[in-house]
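Structural description and commentary
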Amino acid sequence: MKRALMRMAVLFGLAGGSAILLPAQQAATSQTVKGPDERFKTDILVVVAHPDDEGGVTPYLARAIFDEHKRVAVVFATRGGSGGNDYSREHGPALAIIREQEARTACAKLGITNVWFLDGKDTASQNVLNSLSNWGHGANLEALVRIVRATRPEVMITWLPGVFIGENHGDHQAAGVLATEAFDMANDPTAFPAQVTGATKRLELYLENLTPWQPKKLYYFSDADDQKQFDGTGPAYSIKEVSPSQKKSYVRLALEAATPHLTQFPQAQELQKMTEEQFKKFLDDPNNLFWPEPMTLILGKSWVNGKAMGDVFEGIVPKATWNHNLQCPDQFIEHRDPPLQAAVEVGGSWGFYKAFRLKHCTPTPEAKMPEIAVKAGSNLQIPLIVRHDYGETLDLQINVDAPADWRIQQGAGRLALPKEGGTDLIVEILTPQLSKEQMAKSAAQTIIVRASAGGRSAGEVRLKVQLKASALAQ
Ligand SMILES: [Zn+2]
């Protein structure tokens, strides 16, 4: 069948580029060179971790799609096969195939049909590095850069990479890390170069013929408990405002778009049945708002000029002058110089983010002091990195200030560090079990880790810790 069609195409001169032109025709006609597939050109590319995460920005997406006629595509990093099933009996890989379809149907409710899934595996912890490891950081980044080059977004929206008291899901953070990296790499012809190399033959197998692409703006949203801390970091949009075209509030459109997520959000069906009057009453209870009003999109970086609080598409115009202030000096290299004397810093994902912000020049909001929430009665880990002279061993003393009923398990006392520029250490503390009454009154505690070497202070690390009835493993 295919061969017969090919023969017909050759007969009628339809096979792309293979028609033989006579010299006289060559002068008169030009051959059309195929462009990129315009069906996939997008205004906004949303990059999230799990099916239902898109719900973090659907009130804004409803506005952008229905009333500003923007094209939106969504990338999910995992298929969401872990966690409980609140609707039917399937679990694990079976739940993953269900959640993939729930996510596609949810996106379709907003008219989003360009939806992709990476190969990340659900990783239930607060540590972004666990997620990056379990996902296969490199292969998934390569896949995401390909999607950015194929969809050519003006704007990318993703989870905020950072550690905060809240759900603080490592997978959410990892989606934000990959999206930030892809934002910075997609326009670099040396990043995954086979993707941006032209095909050399008709039946090309390896060279992808995409082109480098620079998305103009990067925005974040966060799963932190305290959303107020992000006020003023980017444009704020009312979720209760009524869509002129849909005659419904954006929050209602967002909740309607969440109804296919039955395995995670079965109550969405009930919400959908409410009359406009009942729904208004429901929203009057602040506990029923899944989003802050207004919701802020945190500006990560922008290649076009405009105000941080300006609209998402402000400055994104043809022939916009680019904001070259983004080409920040590589402070990361400087940071790696051997220190004059031993110094302790917070390590783990906090240490990673310090380097990440410098590397990607994203002045993204971070907690004033490193912070985290852990389940009361679980072990708290404080990762440390001690920078010292790589030519000598180091005799280090670690002391920990913590409330009396917090039991230090390991990491305090005298330590002999090997000859190296930086040594990773960990302090582990068993947190107390709390009754319901104690939990209600429990305020965040500040734990202080002090380091000294040769009788001199080597600095200290402070960590604000909130105990909760439940939290993801650290
Ligand atoms: Zn999630």
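Below, the structure is looked at part by part. (Residues numbered from 1 in each chain as written. Predicted model: local features only at pLDDT ≥ 70, side-chain atom pairs only at ≥ 80, totals over all residues. Heavy atoms only, no water.)

1. Topic: the sheet that holds strand β4 (residues 155–159)
Spatial strand order, β3-β2-β1-β4-β5-β8: 6 strands in an open sheet with mixed pairing. Of all strands in the sheet, those bounded by a partner on one side alone are β3 (115–120) and β8 (298–302). Strand-to-strand twist across the sheet, computed as the mean angle between neighbouring axes with direction ignored, equals 20 degrees. Two strands pair when backbone bridges link them, and strand β2 (residues 72–78) and β3 are joined in this way by 4 bridges, in the parallel orientation. Bridged to phenylalanine 76 within β3 is phenylalanine 117. (Pairing = 2+ DSSP bridges. Helix = DSSP H or I, 4+ residues; strand = E, 2+ residues; numbered from the N terminus. Axes fitted to C-alpha atoms, helices over the stretch in contact; angles between N-to-C directions.)

2. Some details on the packing of helix α7 (residues 170–185) against helix α12 (residues 348–360)
Their axes nearest at 11 Å, the elements α7 and α12 cross at an angle of 25 degrees. As the angle between them shows, α7 and α12 are arranged roughly parallel. Of the two possible hands of crossing, α7 and α12 adopt the one that is left-handed. When α7 is examined against α12, the residues Gln173, Val177, Thr180, Glu181 and Asp184 are found in contact with a partner set consisting of Phe352, Tyr353, Phe356 and His360. By residue class, the composition of the contact of α7 with α12 is 4 nonpolar, 3 polar and 2 charged. (Parallel < 35°, antiparallel > 145°, perpendicular 65-115°, else oblique. Left-handed = near helix turned anticlockwise from the far one by under 90°. Contact = heavy atoms within 4.5 Å. Nonpolar A, V, L, I, M, F, W, Y, C, P; charged D, E, K, R; others polar.)

3. Thoughts on the sheet that holds strand β10 (residues 371–375)
In spatial order, the strands read β10-β17-β16-β12-β14; together these 5 strands make up an open sheet with mixed pairing. Looking at which strands have only one partner, the edges of the open sheet turn out to be β10 and β14 (413–417). Each neighbouring strand pair of the sheet contributes to a mean axis angle of 30 degrees, computed without reference to strand direction. Bridging between β10 and strand β17 (residues 456–468) involves 5 bridges; their strand directions are parallel. Bridge assignment links lysine 375 to a residue of β17, and that residue is lysine 468.

4. Side note on the coordination of the zinc ion
Ideal donor angles around a metal are set by the shape: a four-donor tetrahedron calls for 109.5 degrees, a six-donor octahedron for 90 or 180 degrees. Of the protein atoms, only His50 (ND1), Asp53 (OD) and His172 (NE2) coordinate the zinc ion, at distances of 2.1 to 2.2 Å. On the primary sequence, the residues serving as donors to the zinc ion are separated as H-x2-D-x118-H. Of the two residues, histidine 50 and aspartate 53, both sit in the buried class. (Donors = N, O, S within 2.8 Å, 3.2 Å for Na, K, Ca; no water. Buried < 20%, exposed > 50% of the residue type's maximum accessible area, 1.4 Å probe, protein only.)

5. Quick word on the environment of lysine 441
Here lysine 441 lies in helix α13 (residues 436–441). For lysine 441, a relative accessible area of 71% translates into the label exposed. Here the alpha-carbon distance between lysine 441 and glycine 198, two residues 243 residues apart in the chain, equals 63 Å.

6. Thoughts on the pairing of β4
The element β4 is extensively covered by neighbouring structure, given that 5 of its 5 residues are classed as buried. Where strand β1 (residues 44–48) lies against β4, 4 bridges are found, and the strand directions are parallel. Looking across to β4, one finds that valine 47 is bridged to threonine 158. Inspection of the sheet shows β4 paired to strand β5 (residues 217–221) by 5 bridges, in the parallel sense. Paired with methionine 156 across the bridge in β5 is leucine 218.

7. Side note on the pattern of salt bridges
This model, assessed by the stated rule, comprises 27 salt bridges. One salt bridge in this structure joins arginine 104 and glutamate 100, with 2.9 Å as the shortest N-O distance. Taken together, the residues arginine 104 and glutamate 100, both in helix α4 (residues 92–109) and 4 residues apart, mark about one turn of the helix. Residue aspartate 225 pairs with lysine 468 through a salt bridge whose shortest N-O separation is 2.7 Å. Of this pair, aspartate 225 sits in the loop between β5 and β6 (236–237) while lysine 468 is found in strand β17, placing the two residues 243 residues apart along the sequence. You can call aspartate 225 partly exposed: its relative accessible area is 48%. Residue classification places lysine 468 among the partly exposed residues on the basis of a relative accessible area of 22%. Shared partners join several salt bridges into a network, and the residues in it are Arg79, Glu100, Arg104 and Asp119. (Salt bridge = Lys/Arg side-chain N within 4 Å of Asp/Glu carboxyl O.)

8. Quick word on α12
Along its 13 residues, α12 runs 18 Å from first to last C-alpha, staying within 8% of the 18 Å computed at 1.5 Å per residue. Within α12, burial applies to Ser349, Trp350, Tyr353, Ala355, Phe356, Arg357 and His360. Looking one or two residues beyond α12, the residue adopting positive phi is cysteine 361, at roughly 55 degrees. (Expected span 1.5 Å × (residues − 1).)

9. What about the packing of aromatic side chains?
The tally for this structure, following the rule as stated, stands at 11 aromatic pairs. Plain terms: the ring middles of phenylalanine 40 and tryptophan 116 are 6.1 Å apart, the flat faces sit at 55 degrees to each other, and that makes the pair tilted. Of the two residues, phenylalanine 40 sits in the loop between α2 (23–28) and β1 while tryptophan 116 sits in strand β3, which places them 76 residues apart along the sequence. Taking relative accessible area as the criterion, phenylalanine 40 reaches 25% and is therefore assigned partly exposed. On the accessibility criterion, tryptophan 116 (26% relative accessible area) is partly exposed. Ring pairing ties together the aromatic residues Phe265, Phe290 and Trp291, which thus form one cluster. (Phe/Tyr/Trp six-rings, centres within 6.5 Å; stacked < 30°, edge-to-face > 60°.)

Function-wise, these values are silent; they only describe arrangement.
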